[in-house]
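The lines below spell out each chain.
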Amino acid sequence: MSLYRIELFRGKDRQHYWRIVHRNRNILATSESYTRRASAVRAAERLARGLRFVQVTEVQSWAVHRLDLHHHARRAERRHAQQQDGAHEMTWALLALWALLMIVVLAFFVAFVFPFTQDGSEANMSIATQVLIFAATAVGLNIVVGLAGLLDLGYIAFLGAGAFTAAILSESAFSTVDFHPPFLVTVLISGVVASLLGLLIGAPTLRVSGDYLAIVTLAFGEIFRITMNNLDGNDGPNLTNGSNGISGIPDLNFLGFDFGQAHTIFGVEIGRFANYYWLMLMVIALIIVVFMNLNYSRIGRGWVAIREDELAAEAMGVNTFALKLLAFAGGAFLAGVAGAVKAHHDVSVTPDQYVFLESAFLLAAVVLGGILIAIMLLREPVEDGAGGSGGDAAPT
């Protein structure tokens, strides 16, 4: 039985009242008069919701209106418990976010100081730079495969498109175009060219899915390699020098910083490949920030919806075709940017560097992680690239 209760009654003046009564029948308080019974009931209920373990009983009407406030008290307790649980969950989520942020910052710090631990080994830094280049490319592929759920087996073509674009626009003696913009402009042009190729392959083929899409993208990767071989001036315009490719690509000189020169930092000599390593580390950091924000945006949620169930996503109003095109173009842009850096790092670009096996390794990197890329790069003897160019340490 409740300790207190609110009684609703009608007085001799034909007005309606409520009063708070103790269990021992002591009257604690009486309300003002109400002309309408409904007004008195609402006022009593408002009062009762603010109290706990109170029941409302209408007397002199033989329990016409009887409301047990235990239910409201229990509901209020459950609501309070849910709010506390939500606060605890939010606290744990914030702690997890801060822990993840600290891990990422620590990982980047360890990666930043990595060149200082290699005793000036150019071979090791060349391999590390190649890992970062392929990691940036794999992040772009993760947009297509991981978020949108589209299987792309010719993704290496976008990396090659960025590399060939940067090589053609470089000041190499074998460049076939007399236009040499600054490196920042070259990177943007390389990304845009790769994006246009992504739109070119995506627009007519994204109507298919599954194995059929994988076959089409596989064919696109091979078509790209064969086309680069044929752009030698005999079977087409002379843009890539055919199978010889473009060699002698000069090192970057960005904002007065020469990436081809060794520098001494804190008494440690930092070689050419370490300069490209730090450049790619900054590019990776920028890509991760953009990717994480894109992942939790409306576009990212649309990609996830397409991956889970394309028909359901389309029924809910998601423009599946436009989002899939955007995934192809966005992923290709990242690959083009990485390819522009790769061209200067490797010194030379040839069509045979961009074969299907590289697309398979990129797909494995998305699925299994970057360890496979390191294994792929380490399959060549380290001493072979000790004094050579970046192309010696690159995958073939």
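The structure displayed is predicted, hence computed values, not measured ones.

### Considerations on the overall build of the protein chain
For step 1, the next point in the chain: Counting its secondary structure elements, the protein chain contains 12 helices and 9 strands.
For step 2, the next point in the chain: The buried share among the 396 residues of the protein chain stands at 43%.
For step 3, the next point in the chain: A total accessible area of about 20,900 Å² is found for the protein chain, and carbon and sulfur atoms account for 63% of it.

### Side note on the side chain of His 344
For step 1, the next point in the chain: Looking at the element boundaries, His 344 is found in helix 10 (residues 320-346).
For step 2, the next point in the chain: The class of His 344 is buried, set by a relative accessible area of 7%.
For step 3, the next point in the chain: Among the polar contacts made by the side chain of His 344, one reaches the main-chain carbonyl oxygen of Pro 250 at a distance of 2.8 Å.
For step 4, the next point in the chain: With sequence-adjacent residues up to four places away left out, His 344 is seen in contact with Ala 166, Ser 170, Phe 183, Ile 249, Pro 250, Asp 251, Leu 252, Arg 272 and Tyr 276.

### Section: helix 11 (residues 356-368)
For step 1, the next point in the chain: For helix 11, built from 13 residues, the straight-helix expectation of 18 Å at 1.5 Å per residue is met to within 8% by its first-to-last C-alpha distance of 18 Å.
For step 2, the next point in the chain: Regarding helix 11, the residues found buried are Glu 358, Ser 359, Leu 362, Leu 363, Ala 364 and Ala 365.

### What to know about the packing of aromatic side chains
For step 1, the next point in the chain: For the structure on display, the rule yields 7 aromatic pairs.
For step 2, the next point in the chain: Measuring from ring centre to ring centre gives 5.6 Å for Phe 158 and Phe 220, while their planes differ by 40°; the resulting arrangement is tilted. Here Phe 220 lies in helix 6 (residues 211-230) and Phe 158 lies in helix 4 (residues 156-169), a separation of 62 residues in the sequence.
For step 3, the next point in the chain: For Phe 158, a relative accessible area of 1% puts it in the buried group.
For step 4, the next point in the chain: Following the ring pairs from residue to residue traces out a cluster consisting of Phe 112, Phe 116 and Trp 278.

### Brief notes about the nonpolar core
For step 1, the next point in the chain: The biggest cluster of nonpolar side chains holds 76 residues, and the ones touching the most others in it are Phe 158 and Val 349.
For step 2, the next point in the chain: Each residue touching Val 349, except ones within four places of it in the same chain, is listed here: Ala 163, Phe 164, Ala 167, Asn 244, Gly 245, Ile 246, Ile 249, Ala 343 and Tyr 354.
For step 3, the next point in the chain: Residues Ile 6, Leu 8, Ile 20 and Val 41 belong to the second largest nonpolar core, which totals 5 residues.

### Considering the packing of helix 3 (residues 122-147) against helix 8 (residues 298-308)
The packing of two helices is summarised by the inter-axis angle and the distance between the axes.
For step 1, the next point in the chain: Helix 8 packs onto helix 3 with a crossing angle of 45° between their chain directions and a minimal axis gap of 8 Å. The angle between helix 3 and helix 8 falls in the class oblique. Together, Ile 143, Gly 146 and Leu 147 of helix 3 and Trp 303, Val 304 and Arg 307 of helix 8 make up the contact between the two elements.
For step 2, the next point in the chain: Of the residues assigned to the contact of helix 3 with helix 8, the class counts are 4 nonpolar, 1 polar and 1 charged.

### Concerning helix 5 (residues 183-205)
For step 1, the next point in the chain: In this model helix 5 runs 33 Å from its N-terminal to its C-terminal C-alpha over 23 residues, within 8% of the 33 Å that 1.5 Å per residue would give.
For step 2, the next point in the chain: For helix 5, the full list of buried residues reads Phe 183, Thr 186, Val 187, Ser 190, Gly 191, Ala 194, Ser 195, Leu 197, Gly 198, Ile 201, Gly 202 and Thr 205.
For step 3, the next point in the chain: The secondary structure elements touched by the buried residues of helix 5 are helix 4, helix 6, strand 6 (253-254), helix 7 (272-295) and helix 10.

Here is what the cut-offs are and how they apply
- Residues numbered from 1 in each chain as written.
- Predicted model: local features only at pLDDT ≥ 70, side-chain atom pairs only at ≥ 80, totals over all residues.
- Heavy atoms only, no water.
- Helix = DSSP H or I, 4+ residues; strand = E, 2+ residues; numbered from the N terminus.
- Buried < 20%, exposed > 50% of the residue type's maximum accessible area, 1.4 Å probe, protein only.
- Areas by Shrake-Rupley, 256 points an atom, 1.4 Å probe, with all protein chains shown as cover.
- Polar contact = N/O pair within 3.5 Å; in protein donor to acceptor, adjacent residues only side chain to side chain.
- Contact = heavy atoms within 4.5 Å.
- Expected span 1.5 Å × (residues − 1).
- Phe/Tyr/Trp six-rings, centres within 6.5 Å; stacked < 30°, edge-to-face > 60°.
- Core = buried A, V, L, I, M, F, W, Y, C linked by side-chain atoms within 4.5 Å.
- Axes fitted to C-alpha atoms, helices over the stretch in contact; angles between N-to-C directions.
- Parallel < 35°, antiparallel > 145°, perpendicular 65-115°, else oblique.
- Nonpolar A, V, L, I, M, F, W, Y, C, P; charged D, E, K, R; others polar.

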